[in-house]
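So you can see what is in the structure, the chains are spelled out below.
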Amino acid sequence: MDKRSYSIQDGYKISNMHGMVYDDDGWLWMVGIASNAEEFKLSTRRFVMQRYDGQSLHDVKLPFTNHKGPLHFLFLKTNQNKLILGGYCNDQFTIYELNPKNLKISKLSQAQEVVRDCSVLQVFNMGNDILFFSQKRDQVIIYKMSPDAKITPYGNVAYEGEKTLHFKNLVEYKNHFLINNSRSGILCFNKNGQFVKQLALKSSPNKKLLINSWYRSEKILILNLADLPSQYTFDEEILELVPIPKSNALNYDFFVQDNKGNRFEYFSKNQNIIARRILNNNPTPIYDSLHLQLDASVASRNLNRELVIANGDQLEHLFFANNNVKTYLENYSIRGILQESKHGLLVATEANGWYRINTLTDEVIPFNTWLNGKPIILSSNRAIFNDGQFYWSNYEDGIVKINKQNGSVFPTIYYPVECMTSDDKYIYYGTNLHNLMRFDKKVMQNKILSATDTLYVLDITRDNHTLYAACNKGLLIYKNDKLNMIAPNNDEDLLSVDFTSDYGLLVGSKNGNLYQYNEENGSFRLLYRDEKKASIASVLIDRQKQIWLNTFAGIVCFNPFYKQATRFGQEDGLSHYECNRHSAFQTNEGDFVVGTIKGLNIFTPQLLSKNNQDLYPRILAITSYKKKAKQVQTIYSLNALDSTKKVVLPSLHNSLRIHVGMLEIVNHNEIKFQYRLNKKEWLQPSHQNEIQLINLSPGTYELEIEAMNVLRGKLGKTIRLEIIAERIFYKQWWFLCLLLGGLGSLLYYMYYQLKQKNKLQSQLSKNLILGQEEERKRLAKDLHDGIGQQLILLKRKAQNERIESFSQMTGELLEEMRNITRALHPVALKNVGLTQALQDLVNRADGLTNILFTVEIESIDGILSSDNELNLYRFVQESLNNIIKHANCTAAEVDIFCMQNFITLRIADNGKGFDTTRNTNSLGIDTLKERINILNGTFELKSSEGEGTIVRATIPIINE
């Protein structure tokens, strides 16, 4: 069983389902209360309608406002494939009809009489007609709506009192119909709408009866009555309920029945929800893993294949395997299998341990294994052999013996086993790039039979005293202590080997070829060539001598006499299409047991049938811009979509979104869509079933869409759609001249604005930097005159009082403060000049770090103004800080030279560098650029990851 789940994150918006039904095209329609309702506020419940195509959900707008009053929402599908809806619009309860084909909703004008003075309204199907039960004051009036939407009074139910009546479960017979009345029980009417009688049991005439559920079994309608242990049928001649002998009713609270007579039922028992499918009147296993709620809603078109459950805030779509195929351990990869009894299997998984399976009761019990008292998972098993009170198998380090009773493992560590076979005394096994081996089960010792250290031995079997092994270079034959190798022409890469009584030795290759080996002349005969070139994992022969190939692309039934092949996959009931090696055998009863990478499959070959359902990919929605509406619109109507052969995209809105899918019963997890434009390469949609074409160039396109299945290839016909993307320009000369003239004016205006913007931005940056320097100067002065003086006084006081430690700490703080003030405002520029200040700056960096700085600075004193000297000093200071913080280097160079008209700077390091394409907009680099810009210079940065960084600047010398 495969399951797809939807929540509000997946677009499912209903928390309380009021109705769900399939239309004739395959859409599932659902109506209920929105999941985002404000639960604790009055009149906030809002009805929503959605439809589901098997893969995604679409919202359908309702003509109703919030839920009000005692009248509940009406939702029903007629036999004419129409939907009857009822709800409030402008505080007036109104009945509508929705056409699923074109999504048109029309008001039923004749229904106003039905809802007038009505306190409760309910609706039911009866044949091709619709019955409305409308409660008005002291009676319930029944109205009938014929297929032509004509509504007429049909009958009535009289009652006394003010209590509300509810009707439920209308069951139709040839000349009568039965319906539950919440107060009085089961009422019987004839087809003329006349009340006939209230039904009762002769054994309990005063007991109120209610129909709990019903279903059709062959030609009989069987009724389950609430709180009664037996099942009943209704005899129209005597108008009585007749018990069915030896029946046992489980009183299911809800059920759904498909058009094949199968049904799904569930009920509450001991606070648990019990559910089961009834297929061909045979119960299937209880589905206790579904965790159903009692108010869950269900729908299905074919219970052999699927079931949809609305379960609270979740929508679950279940896909069932073919009931002719039993599946176990469907989440595990299967390896060794041993049949212990008629219904008992011991199964080894690839990495999840061993299990015992009872195919009669479907019970699956783990077989726990222990090594030295600790649990161990025996992985990578290749086979299981039965030997008295022990099993023989392998794990990743060699052969193991396992006690059947307690699961104790006795390992023999030697070499990983790739394939194995056995007789009474020995286990013969193949390895990869080692040797062909024999293991003595009695003395538990390994013996090398022959060196195969250049081969990958992948499968092995034996016949009498001969061993046959499939390897990457051909077929190995070990006989009379000699090893020979022979290979089919042009196909040496073999994968499987099986000895059969009907065809002798059959050999399968990785390329999908099956050969019959003739030992007398040492030749190979090609029996079958797989059209998908799928590797052959193993081979089984049925009782009709058909060859069943378990491949990596499904199971193929090949009739060698008629040369016919039929491939089976997941859509036919298998748990997965990829079959595993070393995990297939035929039981004594003729059934096949085949392991896959996801589950164990058991089936009778003659009963396995193809799912021949025709699948038709189709467009389910088209979203594009509409000129007339002047907005983006989505077409959901099937009538409109089926007639759409061409889509025109306006020049300024040349994008298109197409939703594709299938409305048949199909698990979309197994379907892939592909598309192409104008016969070019096939592409996969960005979303599984949504094709997005964005910003198409002007022109005409042919869009082709195909649905693909892993095994069956193309499904159905190719969808073709013509797309026209309109052009966005005109060919008139005056328009081109006007366009060029306007473009020229625009470019000049943009250039002027850009120039002004750059000028303002440069001035702003300069002002910001100058303001920053003024603020630094002020902070340095405040620190020096304020905190600095206080620290000097504290130091002197500590010295006078001979508090050495305090005096030392105060001195360190004073020195740190001086370093800060020097960084904030380098007074050295005035005291020693720019050249020496820069030299001191580099020397200080060299002394405080492990970086080896080399410096060469020519005298540049007196060349620049004091403000420009400060900018140049800051430029070098910030460059050195970047090296210390970020470069992670061992050496750096600082070169400053004075040319005739320029000052050149070069600052380089041998650090880790960086990608300048991603980091050129960092704040530090922008500041460096701006400082050089203020100096009217040019700035250059070169760096790459692992090759260091070089900063260059050229500053013109202006006579100031």
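Residues numbered from 1 in each chain as written. Predicted model: local features only at pLDDT ≥ 70, side-chain atom pairs only at ≥ 80, totals over all residues. Heavy atoms only, no water.

## Let's talk about the overall build of the protein
Phase 1 of the analysis: The helix and strand tally for the protein stands at nine helices and 70 strands.
Phase 2 of the analysis: For the protein, long-range pairs separated by at least 24 residues make up 49% of all intrachain contacts whose partners lie at least 6 apart in sequence.
Phase 3 of the analysis: Accessible area of the protein: about 49,700 Å², with a carbon and sulfur share of 48%. (Helix = DSSP H or I, 4+ residues; strand = E, 2+ residues; numbered from the N terminus. Contact = heavy atoms within 4.5 Å. Areas by Shrake-Rupley, 256 points an atom, 1.4 Å probe, with all protein chains shown as cover.)

## A closer look at the nonpolar core
Phase 1 of the analysis: Membership of the largest hydrophobic core comes to 34 residues, with the highest contact counts inside it found for Phe-875, Val-876, Ile-896 and Leu-905.
Phase 2 of the analysis: Going through the elements one at a time, α6 (834-848), β66 (852-857), α7 (866-887), β67 (891-898), β68 (902-909), α9 (923-934) and β70 (949-956) are the ones with two or more residues in this core.
Phase 3 of the analysis: Take this core: its biggest share by element is eight residues, from α7.
Phase 4 of the analysis: Each residue touching Phe-875, except ones within four places of it in the same chain, is listed here: Leu-905, Ile-907, Leu-928, Arg-931, Ile-932, Phe-939, Val-951 and Ala-953. (Core = buried A, V, L, I, M, F, W, Y, C linked by side-chain atoms within 4.5 Å. Buried < 20%, exposed > 50% of the residue type's maximum accessible area, 1.4 Å probe, protein only.)

## Some thoughts on the sheet that holds strand β60 (residues 646-649)
Phase 1 of the analysis: Across the sheet, four strands lie side by side as β60-β65-β64-β62; this open sheet has mixed pairing. The outermost strands of the open sheet, each flanked by one partner alone, are β60 and β62 (671-677). On average, adjacent strands in this sheet sit at an angle of 25 degrees to one another, irrespective of strand direction.
Phase 2 of the analysis: Pairing between β60 and strand β65 (residues 713-725): four bridges, direction parallel. When the sheet's bridge partners are listed, Val-648 is paired in β65 with Ile-724. (Pairing = 2+ DSSP bridges. Axes fitted to C-alpha atoms, helices over the stretch in contact; angles between N-to-C directions.)

## Some remarks on the packing of aromatic side chains
The description of two aromatic rings rests on the distance between their centres and on the angle between their planes.
Phase 1 of the analysis: Summed over the entire model, instances satisfying the criterion amount to 21 aromatic pairs.
Phase 2 of the analysis: When the centroid spacing of 5.2 Å and the interplanar angle of 75 degrees are considered together, the rings of Tyr-6 and Tyr-52 count as edge-to-face. Of this pair, Tyr-6 sits in strand β1 (residues 2-6) while Tyr-52 sits in strand β4 (residues 47-52); the two residues are 46 residues apart in sequence, bridging distant segments of the chain. Of the two residues, Tyr-6 and Tyr-52, neither departs from the other in class, the shared state being buried.
Phase 3 of the analysis: Clustering of aromatic rings is evident, with ring pairs tying together Trp-548, Phe-568, Phe-592 and Phe-603.
Phase 4 of the analysis: Positioned over the ring face of Trp-27 is Arg-51, at 3.6 Å from the centre of the ring.
Phase 5 of the analysis: Sitting above the plane of the Phe-390 ring, Lys-401 keeps its charged end 4.4 Å from the centroid. (Phe/Tyr/Trp six-rings, centres within 6.5 Å; stacked < 30°, edge-to-face > 60°. Lys NZ or Arg CZ within 6 Å of the ring centre and 35° of its normal.)

## Focus: the confidence of the model for the protein
Phase 1 of the analysis: Mean pLDDT over the protein: 86, with 88% of residues reaching 70 or higher.
Phase 2 of the analysis: Summarising per-element confidence for the protein, the mean pLDDT is lowest in helix α4 (residues 804-824) (68) and highest in strand β52 (residues 547-551) (98). (pLDDT = per-residue confidence, 0-100.)

## Quick word on the sheet that holds strand β63 (residues 690-693)
What links the strands of a sheet is backbone hydrogen bonding, and the strands pair in either a parallel or an antiparallel sense.
Phase 1 of the analysis: The strand order β59-β58-β61-β63 describes an open sheet built from four strands, whose pairing is antiparallel. For this open sheet the edge positions go to β59 (631-635) and β63, each flanked by a neighbour on one side alone. The mean angle between the axes of side-by-side strands here comes to 15 degrees, regardless of whether they run parallel or antiparallel.
Phase 2 of the analysis: In this structure, strand β61 (residues 656-661) lies alongside β63, joined through four bridges in antiparallel fashion. Considered in β63, the bridge of Leu-656 is made with Leu-693.

## Comments concerning the packing of α6 against α7
Phase 1 of the analysis: Packing of α6 against α7 leaves a shortest axis separation of 11 Å and a crossing angle of 10 degrees. It follows that α6 is roughly parallel to α7 by the angle criterion. From α6, Leu-834, Ala-837, Leu-838, Leu-841, Val-842 and Ala-845 reach across to α7, where they touch Glu-869, Leu-872, Tyr-873, Val-876, Gln-877, Leu-880 and Ile-884.
Phase 2 of the analysis: Of the residues belonging to the contact of α6 with α7, the class tally is 11 nonpolar, one polar and one charged. (Parallel < 35°, antiparallel > 145°, perpendicular 65-115°, else oblique. Nonpolar A, V, L, I, M, F, W, Y, C, P; charged D, E, K, R; others polar.)

## Focus on the environment of Ala-887
Phase 1 of the analysis: Turning to its location among the elements, Ala-887 is positioned in helix α7.
Phase 2 of the analysis: Of the residues examined, Ala-887 reaches a relative accessible area of 9% and is grouped as buried.
Phase 3 of the analysis: Residues contacting Ala-887, with those up to four places away along its chain left out, are Asn-882, Asp-909, Gly-911 and Lys-912.

## With respect to a nonpolar patch on the surface
Phase 1 of the analysis: A surface patch of nonpolar side chains, amounting to about 620 Å² of accessible area, comprises Leu-740, Leu-743, Leu-746, Leu-747, Tyr-749 and Met-750.
Phase 2 of the analysis: Tracing the backbone shows Met-750 in helix α3 (residues 733-800). (Patch = residues over 30% accessible without salt bridge, like charges linked within 9 Å, V, L, I, M, F, W, Y side chains within 5 Å. Salt bridge = Lys/Arg side-chain N within 4 Å of Asp/Glu carboxyl O.)

## Notes on α6
Phase 1 of the analysis: Between its terminal C-alpha atoms α6 stretches 21 Å, which fits the 21 Å expected from 15 residues at 1.5 Å a residue.
Phase 2 of the analysis: Those residues of α6 not exposed but buried are Leu-834, Thr-835, Ala-837, Leu-838, Leu-841, Val-842 and Ala-845. (Expected span 1.5 Å × (residues − 1).)

## Brief notes about the state of the cysteines
Two cysteines whose sulfur atoms are joined by a covalent bond form what is called a disulfide.
Phase 1 of the analysis: In the structure shown here, the tally under the stated rule is zero disulfides.
Phase 2 of the analysis: Looking at the unpaired Cys-419, the closest cysteine sulfur is the one in Cys-471, lying at 9.8 Å. (Disulfide = S-S within 2.5 Å.)

## Digging into α7
Phase 1 of the analysis: Counted at 1.5 Å a residue, the expected span for α7 with its 22 residues is 32 Å, and the 30 Å between its end C-alpha atoms agrees.
Phase 2 of the analysis: One or two steps after α7, the chain reaches Asn-888, where phi turns positive at roughly 55 degrees.

## Section: the pattern of salt bridges
Phase 1 of the analysis: Going through the model one piece at a time under the given rule, you end up with 35 salt bridges.
Phase 2 of the analysis: Here Asp-362 ties to Lys-326 by a salt bridge, and the two come within 3.2 Å at their closest N and O atoms. One end of the pair, Asp-362, is in the loop between β32 (354-358) and β33 (363-367); the other, Lys-326, is in strand β29 (residues 325-328), and 36 residues separate them in sequence.
Phase 3 of the analysis: Under the relative-accessibility criterion, Lys-326 is labelled partly exposed at 34%.

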